[in-house]
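Structure assessment
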Amino acid sequence: MPATADAPAQNVPTPVLPEKAREFSKEGLEAFARHWYATLGYAFETGDPGPMMAISNADCKTCNAMKEGVTGGHAEGKWIVGGQMFVSSMDSSFKQMPDDTFQVVGMVRQQHVIYYNADRSVSKDLGVKAAIGDIVIGKYSDEGWTAVTVEHLQGSKK
């Protein structure tokens, strides 16, 4: 059940990494990036950033900031309504960078986000945002893809 103004989300299914996202290929990287955003939306809905962090580099500043934001937004009886991610495109040239990473660029929009306090009052309303350009920098290893960093493209609104 999705979160509402009266209660947090319940029984939200954990995103499952698609088989394609396990591949070392252009399509695999693009599928991985889409999955990363699914885990971000899941974190907003549930307060559980575990699936997102499991596929993110421990040094990813954006990933850690999102982790802190969602865990804080779900602490002490609080919850978040919205936050699901909608990916309209993902594309990579699949050229390896000197640091062995690969880049994928996408257009991403997040559903309207509202933070609620335990007493059901609104603590923060982030409003509705337009789709923005993001870049996911990924690295492949024997364990599969990892998000090294995820950032808004220069000039995109936050």
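Residues numbered from 1 in each chain as written. Predicted model: local features only at pLDDT ≥ 70, side-chain atom pairs only at ≥ 80, totals over all residues. Heavy atoms only, no water.

Of note, Glu76 is a non-glycine position whose phi angle comes to about 55 degrees, a positive value. Summarising the element assignment, Glu76 is placed in the loop between α3 (61-73) and β1 (79-81). Unlike most non-glycine residues, Asp100 shows phi in positive territory, near 70 degrees. On the secondary structure map, Asp100 appears in the loop between β2 (85-91) and β3 (101-110). Overall, the relative accessible area of 40% leaves Asp100 in the partly exposed class. (Helix = DSSP H or I, 4+ residues; strand = E, 2+ residues; numbered from the N terminus. Buried < 20%, exposed > 50% of the residue type's maximum accessible area, 1.4 Å probe, protein only.)

Bringing the sheet that holds strand β4 (residues 113-116) into the picture now. Taken in spatial order, the 3 strands line up as β1-β4-β5 in an open sheet, and their pairing is antiparallel. Of all strands in the sheet, those bounded by a partner on one side alone are β1 and β5 (122-127). Adjacent strand axes in the sheet meet at a mean angle of 15 degrees, parallel and antiparallel pairs treated alike. Pairing of β1 with β4, which is carried by 3 bridges, proceeds in the antiparallel orientation. Counterpart to Ile80 in the pairing with β4 is Tyr115. Across the sheet, α3 touches β1 and β4, and the angle it forms with β1 is around 105 degrees. (Pairing = 2+ DSSP bridges. Axes fitted to C-alpha atoms, helices over the stretch in contact; angles between N-to-C directions. Contact = heavy atoms within 4.5 Å.)

It is characteristic of soluble globular proteins that their nonpolar side chains tend to be buried jointly. Grouped together as the largest cluster of nonpolar side chains are 28 residues, with contacts concentrated most on Trp36, Tyr37, Leu40 and Phe44. Elements represented by at least two residues in this core include exactly α1 (26-46), α2 (50-54), α3, β2, β3, β4 and β7 (144-152). Looking at this core, the element that brings in the most residues is α1, giving 9 residues. Setting aside its immediate chain neighbours within four residues, Leu40 contacts Met52, Met66 and Met85. Listed in part, the 8 residues of the second largest apolar core include Ala3, Ala9, Tyr42 and Val81. (Core = buried A, V, L, I, M, F, W, Y, C linked by side-chain atoms within 4.5 Å.)

Of note, Glu30 is situated in helix α1. A polar contact is formed between the side chain of Glu30 and the backbone nitrogen of Ser92, at a distance of 2.9 Å. Beyond its immediate sequence surroundings of up to four residues, Glu30 is in contact with Met90, Asp91, Ser92 and Val104. (Polar contact = N/O pair within 3.5 Å; in protein donor to acceptor, adjacent residues only side chain to side chain.)

What follows covers the state of the cysteines. This model, assessed by the stated rule, comprises 1 disulfide. Disulfide pairing places Cys60 opposite Cys63 at an S-S distance of 2.2 Å. Because the sign of the S-S torsion sets the handedness, a value of about 70 degrees for the bond joining Cys60 and Cys63 places this disulfide among the right-handed ones. By the burial criterion, Cys60 is buried, and Cys63 matches it. (Disulfide = S-S within 2.5 Å.)

Moving on to the packing of aromatic side chains. Applying the stated criterion across every chain, the model contains 10 aromatic pairs. Between Phe24 and Phe102, the aromatic rings sit 5.5 Å apart at their centres with planes inclined by 80 degrees, giving edge-to-face as the arrangement. On the criterion of sequence distance, the pair formed by Phe24 in the segment before α1 and Phe102 in strand β3 is long-range, its members being 78 residues apart. Arranged with centres 5.7 Å apart and planes meeting at 90 degrees, the rings of Phe102 and Trp145 form a pair that is edge-to-face. You can see Phe102 sitting in strand β3 and its partner Trp145 sitting in strand β7, a full 43 residues away along the chain. (Phe/Tyr/Trp six-rings, centres within 6.5 Å; stacked < 30°, edge-to-face > 60°.)

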